[in-house]
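# Coordinates in review
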Amino acid sequence: MYSKYFTLLLLACLSMLKINGQELTKKEKEQLDYKIAIFSSEEKEIQKLWYEDQMDLMKLKGELREDYQKIVVYHAYKMERLDDKDSNLNEKEIHQRLQQQVDLMHKDVKPILNDTQYDTHLRTWEVILKAVYLKKNGK
């Protein structure tokens, strides 16, 4: 049951990327046409709420919370793009690049989090990745 919620979290993070009313480039619009959605909008909303709870658990507030969100959303967006129809990556390559992106995200958030917060971040992403793999392999 929890895996469903954690999987949703990843997509919620990704949805936050489009905040700030950015204009999409022509290439981004074309990429959206090729996007494969594996989560429903309801699942995405549950993910968002769950991730907010995780940030509360880490006691992230104010500018620190905003900085953390920006880093996570940036990397989550990069992760999501790996599975586009036009990416030409096979499953093994997607898995490898996903792990590389996760490692980069961990490296980027480590300096801004204390040890307890970082441990929570690592456990959170371990659960998220397991949920994503379960959802992806279950389809």
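I will try to describe carefully the structure that is included in this document. (Residues numbered from 1 in each chain as written. Predicted model: local features only at pLDDT ≥ 70, side-chain atom pairs only at ≥ 80, totals over all residues. Heavy atoms only, no water.)

## What about the overall build of the protein chain?
Counting its secondary structure elements, the protein chain contains 6 helices and 0 strands. Listing the helices and strands of the protein chain from first to last along the sequence gives α-α-α-α-α-α. Expressed as a percentage of the 139 residues in the protein chain, the buried residues total 39%. Expressed as a percentage of contacts within the protein chain between residues at least 6 apart in sequence, the contacts between residues at least 24 apart total 77%. (Helix = DSSP H or I, 4+ residues; strand = E, 2+ residues; numbered from the N terminus. Buried < 20%, exposed > 50% of the residue type's maximum accessible area, 1.4 Å probe, protein only. Contact = heavy atoms within 4.5 Å.)

## Remarks on helix 4 (residues 62-81)
An ideal rise of 1.5 Å per residue puts 28 Å on 20 residues; helix 4 measures up with 29 Å between its terminal C-alpha atoms. Three or more residues of helix 4 are buried, namely Arg 65, Tyr 68, Gln 69, Ile 71, Val 72, Val 73, His 75, Ala 76, Tyr 77, Met 79 and Arg 81. (Expected span 1.5 Å × (residues − 1).)

## Looking at the packing of helix 4 against helix 5 (residues 91-109)
The interhelical angle for the contact between helix 4 and helix 5, taken along N-to-C directions, is 170°, at an axis separation of 9 Å. Between helix 4 and helix 5, the interaxial angle falls into the category roughly antiparallel. For the pair helix 4 and helix 5, contact is made by Tyr 68, Ile 71, Val 72, His 75, Lys 78 and Met 79 and by Leu 98, Gln 101, Val 102, Leu 104, Met 105, Asp 108 and Val 109, respectively. The residue inventory of the contact of helix 4 with helix 5, partitioned by class, reads 9 nonpolar, 2 polar and 2 charged. (Axes fitted to C-alpha atoms, helices over the stretch in contact; angles between N-to-C directions. Parallel < 35°, antiparallel > 145°, perpendicular 65-115°, else oblique. Nonpolar A, V, L, I, M, F, W, Y, C, P; charged D, E, K, R; others polar.)

## Quick look at the pattern of salt bridges
One pass over the structure, following the stated rule, counts 3 salt bridges. A salt bridge links Asp 56 to Arg 65, with the shortest nitrogen-to-oxygen separation between them at 2.7 Å. Here the salt bridges do not stand alone but share partners, grouping Glu 52, Asp 56 and Arg 65 into one network. (Salt bridge = Lys/Arg side-chain N within 4 Å of Asp/Glu carboxyl O.)

## Quick look at helix 5
Given 3.6 residues per turn, any residue in an α-helix points the same way as the ones three and four places further on. Compared with the 27 Å implied by 1.5 Å per residue over 19 residues, the 27 Å span of helix 5 between its first and last C-alpha is a close match. For helix 5, the full list of buried residues reads Ile 94, Leu 98, Gln 101, Val 102, Met 105, His 106 and Val 109. Around the axis of helix 5, the buried residues are gathered within 140° of arc, so they sit on the same side. Turned more than 90 degrees away from the buried face of helix 5, the exposed residues are Lys 92, Gln 100 and Lys 107. (Arc of directions from axis to C-beta.)

The quantities given are spatial measurements derived from coordinates; they are silent on function.
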